[in-house]
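Each chain, letter by letter, is given below.
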Amino acid sequence: MIIDINAVSGTGPGGRVIKADIQSFKTKNIENKQLIPNNIITSTEALVYEPLSQIRKTIAKNMIYSKQNAAHMTVFEELEISDLIWLREKYKKAFLERNVKLTYLPFILKATVKRTYGVSSA
């Protein structure tokens, strides 16, 4: 089912559309068949194909060359982080009292800096 987001009035902060708005809109309009907007293009008649300009051809050629000749690699590492999970859970409530959500990012940043620059623990 497709719902046109512009037809839904939002009740969230600043008039934002929230999940409840979409669900109520869906239940109200399911009998009226207003879920699919009439202006959706469903045929290929509206498609217009234009030839590429010389600059676009050159850009496309260079992008293909770059993709074919660049070194592609992926790195995967597995880590044991049970101690990190325990440490985060330990301090999570203390940080929430200060209205700060403690995520894993600060721990990852510190570990990265320590490994990259050899910085000792502080």
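Report follows, based on the coordinates. Remember, it's a predicted structure, so these values are computed and weren't measured experimentally.

Some details on the overall build of the protein chain
For the protein chain, the helix and strand inventory stands at four helices and zero strands. From first element to last, N terminus to C terminus, the protein chain shows the α and β order α-α-α-α. Counting every position in the protein chain, which comprises 122 residues, the buried fraction comes to 7%. Contacts in the protein chain between residues at least 24 apart in sequence constitute 22% of all its contacts with a sequence separation of at least 6. As presented, the protein chain carries roughly 11700 Å² of accessible surface, and 58% of it is formed by carbon and sulfur atoms.

Observations concerning the pattern of salt bridges
A full pass over the atoms with the stated rule returns two salt bridges. Measuring nitrogen to oxygen at the nearest pair gives 3.7 Å for the salt bridge that ties Arg 88 to Glu 89. On the basis of relative accessibility, which here comes to 11%, the residue Arg 88 falls in the buried class. On the basis of relative accessibility, which here comes to 43%, the residue Glu 89 falls in the partly exposed class. Here Lys 92 and Glu 89 are joined by a salt bridge, their closest N and O atoms 3.7 Å apart. Taken together, the positions of Lys 92 and Glu 89, both in helix H3 (residues 82-97) and three residues apart, correspond to about one turn of that helix.

With respect to the layout of surface pockets
Over the atoms rolls a probe the size of a water molecule, and in doing so it shows where empty space is left. Estimated volume of the largest pocket: approximately 380 Å³. Residue lining of the largest pocket: 14 residues in total, with Leu 79, Phe 107, Ile 108, Ala 111 and Thr 112 positioned closest to the centre. The greatest single-element share of the lining of the largest pocket, amounting to six residues, is contributed by helix H4 (residues 105-117). Of the residues in the lining of the largest pocket, the class split is seven nonpolar, three polar and four charged.

Structural notes on the environment of Ser 24
By secondary structure assignment, the location of Ser 24 is in helix H1 (residues 19-29). Overall, Ser 24 belongs to the partly exposed group, its relative accessible area being 31%. Along the chain, Ser 24 and Val 8 lie 16 residues apart, while their C-alpha atoms are 9.3 Å from each other.

Digging into the environment of Ile 5
Along the chain, Ile 5 falls in the segment before H1. Considered as a pair, Ile 5 and Val 17 are twelve residues apart in the sequence and their alpha carbons are 8.0 Å apart.

Conventions used here
- Residues numbered from 1 in each chain as written.
- Predicted model: local features only at pLDDT ≥ 70, side-chain atom pairs only at ≥ 80, totals over all residues.
- Heavy atoms only, no water.
- Helix = DSSP H or I, 4+ residues; strand = E, 2+ residues; numbered from the N terminus.
- Buried < 20%, exposed > 50% of the residue type's maximum accessible area, 1.4 Å probe, protein only.
- Contact = heavy atoms within 4.5 Å.
- Areas by Shrake-Rupley, 256 points an atom, 1.4 Å probe, with all protein chains shown as cover.
- Salt bridge = Lys/Arg side-chain N within 4 Å of Asp/Glu carboxyl O.
- 1 Å grid on protein atoms, 1.4 Å probe; cavity = no way out; pocket = protein on both sides within 12 Å on 5 of 7 lines; lining within 4 Å.
- Points joined across faces, edges and corners; volume = space filled by probe spheres on them.
- Nonpolar A, V, L, I, M, F, W, Y, C, P; charged D, E, K, R; others polar.

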